[in-house]
Protein chains: 2
Amino acid sequence: MADAETELETGTTVGRVRDGTFVQSLDRGLAVIRAFDAQHPVLNLSEVARATGLTRAAARRFLLTLVHLGYVRVEGREFSLRPRVLELGYSYLSGLTLPEVSQPHLEALVSRVDESSSVSVLDGDDVVYVARVHTKRIMTVMITVGTRFPAYATSMGHVLLAGLPDAELADYLARAELAPLTSRTVTDPGALRARLGEVRAQGYAVVDEELEEGLRSAAAPVRNREGAVVAAVNLSVSANRTSLRRLEDEFVPPLLETAAQISRDLGCPASA
Amino acid sequence: MADAETELETGTTVGRVRDGTFVQSLDRGLAVIRAFDAQHPVLNLSEVARATGLTRAAARRFLLTLVHLGYVRVEGREFSLRPRVLELGYSYLSGLTLPEVSQPHLEALVSRVDESSSVSVLDGDDVVYVARVHTKRIMTVMITVGTRFPAYATSMGHVLLAGLPDAELADYLARAELAPLTSRTVTDPGALRARLGEVRAQGYAVVDEELEEGLRSAAAPVRNREGAVVAAVNLSVSANRTSLRRLEDEFVPPLLETAAQISRDLGCPASA
């Protein structure tokens, strides 16, 4: 406890949480919430136990607690989430200026090029969408926010990795497992390092069917007032419909403008 | 424990959670997440303790656990939420068909009348936004979803309350505290009951500056395949710009059409 305290107060690594400090019940309760998703919006007790690895007795205690707190509804033997869980995710989004600042710029970009555009941030080794405007599908925004993809296979990930300080990038390249997601995914750390060097030099990234067959995207960095890369904005296109050449020639220039406008709104000096 | 088990398995009331069944740590951990919001995106240990009513030692344990689980970032003495918390709220949204089904209909309505439109559900005594299309402000969707307002002061709330079975409505009217939010808020349970009777009869609700000065709105019920009211869709307008008469004459008819279309997509027979 004293150790943990010291760690926190001095802001050093807190990755290793000591026994007695770690609140296992919180971990398990959050796992129960995450057991529900689009494919499993309604679960019974056994299914929650199976999805979380908890015993039925433990799963029941957590479900009852979540029912009591208004996060879970029970009807007969079936459990489902209640809208109150939105307060948890929105605690994050509402504290973020990035989605709001990005909004008008993403809209303008999407209406100009008629392709979908997103903003993401780096969280560990993943990019996480915090904003998205899909061409002609306004509400898709909501559904897509929170989506995670491995950074090494996405254009936004390349931009965010290229924006890391050298030491952090070296750590990432040493630890990341670069699994092939398509036949084009870059899986060699040395090759990825070279790609990220190009991204730094040219100021944007293009990924060609490395995350998913048929999907191309380009991304550009969003910088804060200190000039640090804090987010990436992308345009994603269908490989069938849009050639790599058209993506680079026609879409990258407005994308770079959009990234610069968002950066400016975040206080980044125009020259950065 | 045996009692709790029986309760759950038979699906009877689980509001009263017995000591030993209720997982207090989960309650407290979720309170720590909720302590962060738009006004307080970054908190130190003392601020989290104050906002949650926890001791500093307890707040520290929960924060450390959340840091370990990837939900909270610590920099020096400052804590903030990480994007992983989005997984919690989006577990709910992604399991809901309503936002997706509503999407094209809300978009069509907003482009037709050029006013903002939302879909909400009843959660306890509040309406909670699960979808919103704001005229010209696509991304507002995200920020607004999860917003709660007391049902008695909103047009969507009136529609949802009017859709309750009589016994549930009587319970609501007996327990609800109808605090005046503007000079026009209906604060008398009998008067509210009469208003809801009108809503049932005419099939839509209009609220005129009862939630907030300067804000008018109209709402219509969305029904499921059994014909039960499961959501409400609204149009909200500025009282300065749009008269009550224009709201009723010009906006209510397309609103009713939109509600009927969403209901039909949810499987509601056209006659309901």
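Residue positions are given per chain, counted from 1 along the sequence in the order it is written. To read the labels, note that chains go from A and ligands from 1, taken in the order they are written. Local features in this predicted model are restricted to residues whose pLDDT is 70 or higher, and side-chain atom pairs enter the listing and the counts only when it is 80 or higher, whereas totals over whole chains, interfaces and linings include all residues. Derived side-chain values reflect all non-hydrogen atoms in the structure, with water molecules and hydrogen atoms excluded from consideration.

Chain A has the name IclR family transcriptional regulator in an unreviewed UniProt entry, where Blastococcus colisei is given as its organism.

Undergrad: Help me get a handle on the overall build of chain A, residues and values and all.
TA: Each helix corresponds to a stretch of at least 4 residues labelled H or I by DSSP, and each strand to a stretch of at least 2 residues labelled E; elements are numbered beginning at the N terminus. Assigned secondary structure in chain A consists of 11 helices and 9 strands. A total of 272 residues make up chain A; the buried ones form 53% of that total. Sequence-distant contacts, at least 24 apart, represent 55% of the contacts inside chain A between residues at least 6 apart. Accessible surface is estimated by sampling points in the Shrake-Rupley manner with a 1.4 Å probe; for residues, cover comes only from the protein chains shown. Accessible surface for chain A amounts to roughly 11700 Å². Of this, 47% is attributable to carbon and sulfur atoms. Type-normalised accessible area, obtained with a 1.4 Å probe on protein chains alone, sets the label of each residue: buried when under 20%, exposed when over 50%, and partly exposed for intermediate values. It only takes one pair of heavy atoms within 4.5 Å for two residues to be counted as in contact.

Undergrad: Got a sec to walk through the sheet that holds strand 9 (residues 229-238) of chain B? Specific residues and values, please.
TA: By definition, the strands of a sheet pair up through backbone hydrogen bonds, in either a parallel or an antiparallel sense. Residue and element names in this part refer to chain B. In spatial order, the strands read 6-5-4-9-8-7; together these 6 strands make up an open sheet with antiparallel pairing. Looking at strand neighbours, the two that pair on one side only are strand 6 (148-150) and strand 7 (205-208), the edges of this open sheet. Across the sheet, the axes of successive neighbouring strands diverge by a mean angle of 30 degrees, strand direction being ignored. Pairing between strands is defined by DSSP: at least two bridges between them are needed. When strand 5 (residues 126-133) meets strand 6, the two strands line up antiparallel, connected through 3 bridges. Here an angle of 0 to 180 degrees is reported between the N-to-C directions of two axes, which are lines fitted to C-alpha atoms, with helices fitted over the stretch in contact.

Undergrad: Pulling in residues and values, what's your account of the packing of helix 5 (residues 86-94) of chain A against helix 5 (residues 86-94) of chain B?
TA: Helix 5 of chain B packs onto helix 5 of chain A with a crossing angle of 130 degrees between their chain directions and a minimal axis gap of 6 Å. Classified by the interaxial angle, the pair formed by helix 5 of chain A and helix 5 of chain B is oblique. Like other packed secondary-structure pairs, helix 5 of chain A and helix 5 of chain B cross with a definite hand, here left-handed. Contacts from Leu86, Leu88, Gly89, Tyr90, Tyr92 and Leu93 of chain A in helix 5 of chain A reach Leu86, Leu88, Gly89, Tyr90, Tyr92 and Leu93 of chain B in helix 5 of chain B. Roughly parallel covers angles under 35 degrees, roughly antiparallel covers those over 145, roughly perpendicular covers 65 to 115, and oblique covers all other angles. With the far helix as reference, a near helix turned anticlockwise by less than a right angle produces a left-handed crossing, and one turned clockwise produces a right-handed crossing.

Undergrad: For the sheet that holds strand 8 (residues 215-223) of chain A, give the residues involved together with the corresponding values.
TA: All names here are of chain A. If you trace the 6 strands from one edge of the open sheet to the other, you get 6-5-4-9-8-7, paired in antiparallel fashion. Strands with a single pairing partner mark the edges of an open sheet, and in this sheet they are strand 6 (148-150) and strand 7 (205-208). Averaged over neighbouring strand pairs, the angle between their axes works out to 30 degrees when direction is ignored. Contacting strand 4 (116-123), strand 5 (126-133), strand 8 and strand 9 (229-238), helix 6 (residues 98-113) runs over the sheet at an angle of about 145 degrees to strand 4.

Undergrad: I'd like to hear about the pairing of strand 2 (residues 72-75) of chain A, residue by residue, with values.
TA: All names here are of chain A. Side-chain alternation along strand 2 places Val72 and Val74 on a buried face and Arg73 and Glu75 on a face that remains uncovered. Alignment of strand 2 against strand 3 (residues 78-81), held across 4 bridges, turns out to be antiparallel. For Arg73, the partnering residue across the bridge sits in strand 3 and is Ser80. Counting the residues between successive antiparallel strands, the hairpin from strand 2 to strand 3 contains 2 residues, one of them, Gly76, with a positive phi of roughly 60 degrees.

Undergrad: How would you sum up the pattern of salt bridges? Please name residues and give values.
TA: All names here are of chain B. Any Lys or Arg side-chain nitrogen found within 4 Å of a carboxyl oxygen on Asp or Glu counts as a salt bridge. Summed over all chains, the structure comprises 29 salt bridges over all chains. Between Asp126 and Arg148 there is a salt bridge; the shortest N-O distance is 3.1 Å. Of this pair, Asp126 sits in strand 5 while Arg148 sits in strand 6, and the two are 22 residues apart along the sequence. Given the relative accessible area of 22%, Asp126 is considered partly exposed. Its salt-bridge partner being Arg246, residue Glu250 comes within 3.0 Å of it at the nearest N-O pair. On the criterion of helical spacing, the pair formed by Glu250 and Arg246 is a turn pair, its members being 4 residues apart in helix 11 (residues 244-265). Classification of Glu250 by relative accessible area gives partly exposed; the value is 44%.

Undergrad: If you had to explain the nonpolar core to someone new, which residues and values would you point to?
TA: Take the buried residues of types Ala, Val, Leu, Ile, Met, Phe, Trp, Tyr and Cys, join any two whose side-chain atoms come within 4.5 Å, and each joined set is a nonpolar core. Among the nonpolar cores identified, the biggest contains 120 residues, and Leu30, Tyr92 and Leu98 of chain A together with Leu30, Tyr92 and Leu98 of chain B are the most heavily contacted of them. Residue contributions to this core peak at 7 residues, all from helix 4 (residues 56-69) of chain A. Every residue in contact with Leu30 of chain B, bar those within four places of it in the chain, is listed here: Leu26, Leu30, Ile33, Leu66, Leu69, Tyr71 and Leu88 of chain A.

Undergrad: Residues and numbers for the packing of helix 2 (residues 24-34) of chain B against helix 4 (residues 56-68) of chain B, please.
TA: Residue and element names in this part refer to chain B. Remark: helix 2 packs on helix 4, axes separated minimally by 10 Å, with the N-to-C direction vectors making an angle of 75 degrees. Comparing the axis directions of helix 2 and helix 4 gives the class roughly perpendicular. Contacts between helix 2 and helix 4 involve Ser25, Arg28, Gly29, Val32 and Ile33 from the first element and Phe62, Leu63 and Leu66 from the second. Here the contact of helix 2 with helix 4 is built from residues that sort into 5 nonpolar, 2 polar and 1 charged. Under this grouping Gly is polar, as are all residues other than the nonpolar Ala, Val, Leu, Ile, Met, Phe, Trp, Tyr, Cys and Pro and the charged Asp, Glu, Lys and Arg.

Undergrad: Before we move on, can you summarise the environment of Ala179 of chain A with the specific residues and values?
TA: All names here are of chain A. Relative to the elements of secondary structure, Ala179 occurs in the loop between helix 9 (166-175) and helix 10 (189-202). A sequence separation of 27 residues divides Ala179 from Tyr152, and the C-alpha atoms of the two residues are 9.2 Å apart. The contact partners of Ala179, leaving out residues within four places of it in the chain, are Tyr152, Thr185 and Thr187.

Undergrad: Would you mind going over the packing of aromatic side chains in detail, with residue names and values included?
TA: Residue and element names in this part refer to chain A. Planes of paired rings set the category: under 30 degrees apart is stacked, over 60 is edge-to-face and the rest tilted, where pairs are Phe, Tyr or Trp rings (Trp by its six-membered ring) whose centres lie within 6.5 Å. With the rule as written, the count across this model stands at 2 aromatic pairs over all chains. Aromatic pair Tyr129 and Phe149: ring centres 5.9 Å apart, planes at 70 degrees, arrangement edge-to-face. With Tyr129 in strand 5 and Phe149 in strand 6, the pair connects residues that are 20 residues apart, well separated along the chain. Of the residues examined, Phe149 reaches a relative accessible area of 26% and is grouped as partly exposed. The rule for a charge over a ring is simple: NZ of Lys or CZ of Arg within 6 Å of the ring centre, and within 35 degrees of the ring normal. Positioned above the aromatic ring of Phe62, the side-chain terminus of Arg61 is 5.7 Å from the ring centre.

Undergrad: Go over unusual backbone geometry with me, naming the residues and quoting the values.
TA: Residue and element names in this part refer to chain B. At Asp114, a position not held by glycine, the phi torsion is positive, near 60 degrees. For Asp114, the location among the structural elements is in the loop between helix 6 (98-113) and strand 4 (116-123). What makes Asp114 partly exposed here is its relative accessible area of 45%. One non-glycine residue, Glu209, lies in positive phi territory at about 55 degrees.

Undergrad: So what about the side chain of Asn224 of chain B? Which residues, and what values?
TA: Residues and elements named next belong to chain B. Tracing the sequence through the fold places Asn224 in the loop between strand 8 (215-223) and strand 9. With relative accessibility at 19%, the residue Asn224 sits in the buried group. In the analysis that follows, any N or O atom pair within 3.5 Å is treated as a polar contact, provided that within protein one partner can donate a hydrogen and the other can accept it, and provided that, for residues neighboring in sequence, both atoms belong to side chains. Only 3.0 Å separates the side chain of Asn224 from the backbone nitrogen of Glu226, close enough to count as a polar contact. Filtering out sequence-adjacent residues up to four positions away, Asn224 remains in contact with Val230, Leu266, Cys268 and Pro269.

Undergrad: So what's going on with the side chain of Thr258 of chain A? Residues and values would help.
TA: Residue and element names in this part refer to chain A. You can see Thr258 is positioned in helix 11 (residues 244-265). Assessed through its relative accessible area of 4%, Thr258 is described here as buried. Within the local environment of Thr258, its side chain forms a polar contact with the backbone oxygen of Pro254, the two atoms lying 2.9 Å apart. Not counting residues up to four positions away in its chain, the partners in contact with Thr258 are His105, Leu109 and Val233.

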